Amino acid sequence: MSKYWNPAKSQLEDIPGMDVSKLSIDTLTVATRFENPGTEPLVNPIYHSSTYIMKHVDDYLRILKESGYIYGRLGNPNSDAVECAINAIEGGAGTLVFTSGMAAISSVLIGFLQAGDHVICQNPCYSATFDCLDKILKKYGVETTWVPAGCALREYEQTIKPNTKLLYGESPCNPNMTVLDLEAFGKLGATRGILTLVDSTFASPFCQPAIRYGIDISMHSCTKYLGGHSDLTAGCLTFKDVQNWKEMKRYQSSLGVQLSPHDGSLLLRGIKTLHVRMPRHSSNALKVAEFLERHPKVQYVLYPGLKSHPQHDIAVRQMVRGFSGMIAVEIKGGVEGGKAFVENLHLAQLAVSLGGVETLVQHPATMTHGPMIMSDDERRKAGITEGLVRISIGLEDPGDLIKDFDGALEHVKV
């Protein structure tokens, strides 16, 4: 702003010898550009550009060696801004953001594994996505071993082979809320010279800074708590070692899984309120979990903040700023009991995903881990019971949520 108001002018008008009035409308439509002189916006603008202008041909190599932007697939200012923010929270050597959480996981497997390698994965859900990923790895000669969530670290040790290159864990685990001892997991990888990767989406880096427990790569589906508003899809990897960051940066550019500027802008906006949202998610979830644990139509509740949780002591040690907002609850009455509960809620919404401001519920046995995705035997092995309901507690008033859950439980027949 200025006390001397003047119309905005095109950069073309500043070029010596250029008579803008003699240019055709076709040229003016394409070539007119405005440069905002000497101002810095408080909020980063969204850089929609797929390519960036250079003054000299030598700028190309200079930018590759030093800094700057060339082409959207190689990086953009919005991604850099959000990577900086996430890395500051995680306490890592560097962060990269991807188009989704699965894009981040897939990039690690493609980038750090090769034919003949062995990877150990800990995940009870064994959903269609991971089943497909397992088949892809085997197709390219990578051996996979799946260990049950919540198993003792000695089961990992017993499964390690001379060609084991990656230990992949999740904590808390989807959907059964088992907690992995991150410090012991990190030490196991470090002593054996094996890379460790942990999916910490359910906790968020606010509640559980995985890198600080010796984990090599911390992964998040940023679609969830980091974004926080159910309006973007993204993933991130934070690295303990800058050399691994550099290695993955090359693969990210080649695979074309760079986060879009628009989603990068939304994600950065969400991160700015993470420290405000997560304590409320955690306090709401604890109140709801305590209510559900006392209810006669509930078989059991799994929430790391409850003393009844099998790994509560580990959770207390490593979830340093709250226990997040994810609850697993077994409703009596099997499949019909679970369905009756989720279909009779009014404030909580029946939808997949998690980590947004709204409370979401889903019934794994008939939805995300249902007949089209897993067999009955696979569900039993994964601990996906018939009445299991996964709840992502939002930011509503906890008393109102409890009333909503209480009313829905009235429809459960036992």
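Structure: above.
Below is a summary of the structure that appears in this document. (Residues numbered from 1 in each chain as written. Predicted model: local features only at pLDDT ≥ 70, side-chain atom pairs only at ≥ 80, totals over all residues. Heavy atoms only, no water.)

## Focus on the overall build of the chain
Next, step 1: For the chain, the helix and strand inventory stands at 15 helices and 12 strands.
Next, step 2: Here the C-alpha coordinates of the chain stretch approximately 85 × 55 × 40 Å along the principal axes.
Next, step 3: Here the chain holds 414 residues, and 52% of them are scored as buried.
Next, step 4: If you take every contact in the chain between residues at least 6 apart in sequence, the share linking residues at least 24 apart comes to 72%.
Next, step 5: Accessible surface, the chain: about 20000 Å² in total, of which carbon and sulfur atoms supply 55%.
Next, step 6: Between the averaged position of the 40 positive side-chain charges in the chain and that of its 44 negative side-chain charges there is a distance of 2 Å. (Helix = DSSP H or I, 4+ residues; strand = E, 2+ residues; numbered from the N terminus. Buried < 20%, exposed > 50% of the residue type's maximum accessible area, 1.4 Å probe, protein only. Contact = heavy atoms within 4.5 Å. Areas by Shrake-Rupley, 256 points an atom, 1.4 Å probe, with all protein chains shown as cover. Lys, Arg positive; Asp, Glu negative; His and termini not counted. Charge placed at Lys NZ, Arg CZ, Asp CG, Glu CD.)

## Let's talk about the pattern of salt bridges
Next, step 1: Evaluation of the coordinates by the stated rule reveals 9 salt bridges.
Next, step 2: A salt bridge links D231 to R269; the shortest N-O distance between them is 2.9 Å. Note that D231 is positioned in the loop between β6 (217-221) and β7 (235-239) and R269 in helix α10 (residues 261-271), a separation of 38 residues in sequence.
Next, step 3: Given the relative accessible area of 34%, D231 is considered partly exposed.
Next, step 4: Between R250 and E247 there is a salt bridge; the shortest N-O distance is 2.6 Å. Here R250 and its partner E247 are both found in helix α9 (residues 242-255), 3 residues apart, which amounts to about one turn of the helix.
Next, step 5: On the basis of relative accessibility, which here comes to 27%, the residue E247 falls in the partly exposed class. (Salt bridge = Lys/Arg side-chain N within 4 Å of Asp/Glu carboxyl O.)

## Some details on the sheet that holds strand β10 (residues 349-350)
In a beta sheet, neighbouring strands pair by backbone hydrogen bonds and run either parallel or antiparallel.
Next, step 1: Taking strand neighbours across the sheet as the criterion, the 5 strands line up as β8-β9-β12-β11-β10 in an open arrangement whose pairing is mixed. Either end of the sheet is taken by a strand with one partner, and the two such strands are β8 (298-302) and β10.
Next, step 2: Pairing of β8 with strand β9 (residues 326-331) involves 4 bridges; the strand directions are antiparallel. Each residue of the ladder has a partner; that of V301, found in β9, is V329. (Pairing = 2+ DSSP bridges.)

## Details of the side chain of T196
Next, step 1: Mapped onto the elements of the fold, T196 is located in strand β5 (residues 195-199).
Next, step 2: Those residues in contact with T196 that lie beyond four places of it in its chain are L166, L167, F185, G186, G189, G214, I215, D216 and I217.

## Details of helix α4 (residues 101-112)
Next, step 1: In this model α4 runs 17 Å from its N-terminal to its C-terminal C-alpha over 12 residues, within 8% of the 16 Å that 1.5 Å per residue would give.
Next, step 2: Counting buried residues in α4 gives 10 out of 12 residues, a clear majority hidden from the surface.
Next, step 3: The complete set of buried residues in α4 reads G101, A103, A104, I105, S106, S107, V108, L109, G111 and F112. (Expected span 1.5 Å × (residues − 1).)

## Describing the environment of V82
Next, step 1: Mapped onto the elements of the fold, V82 is located in helix α3 (residues 77-90).
Next, step 2: On a C-alpha basis, the gap between V82 and G186 in space is 26 Å, while along the polypeptide they are 104 residues apart.
Next, step 3: Setting aside residues no more than four positions away along its own chain, V82 makes contact with V97, G264, L267, L268 and I271.

## Details of the packing of aromatic side chains
Next, step 1: According to the stated counting rule, one finds 4 aromatic pairs in the structure shown.
Next, step 2: A ring pair is formed by Y156 and F185, whose centres lie 5.1 Å apart and whose planes are at 70°; its orientation type is edge-to-face. Taken together, the positions of Y156 in helix α6 (residues 153-159) and F185 in helix α7 (residues 182-192) put the pair 29 residues apart, joining distant regions of the chain. Each member of the pair Y156 and F185 is classed as buried.
Next, step 3: Ring centres 5.7 Å apart and planes at 45° place the aromatic pair F341 and F405 in the tilted group. Here F341, found in helix α13 (residues 334-343), pairs with F405, found in helix α15 (residues 398-409); they are 64 residues apart in sequence, far enough to count as distant. Of the two residues examined, F341 and F405, each falls in the buried class. (Phe/Tyr/Trp six-rings, centres within 6.5 Å; stacked < 30°, edge-to-face > 60°.)

Spatial relationships are all this shows, so hold off on functional conclusions.
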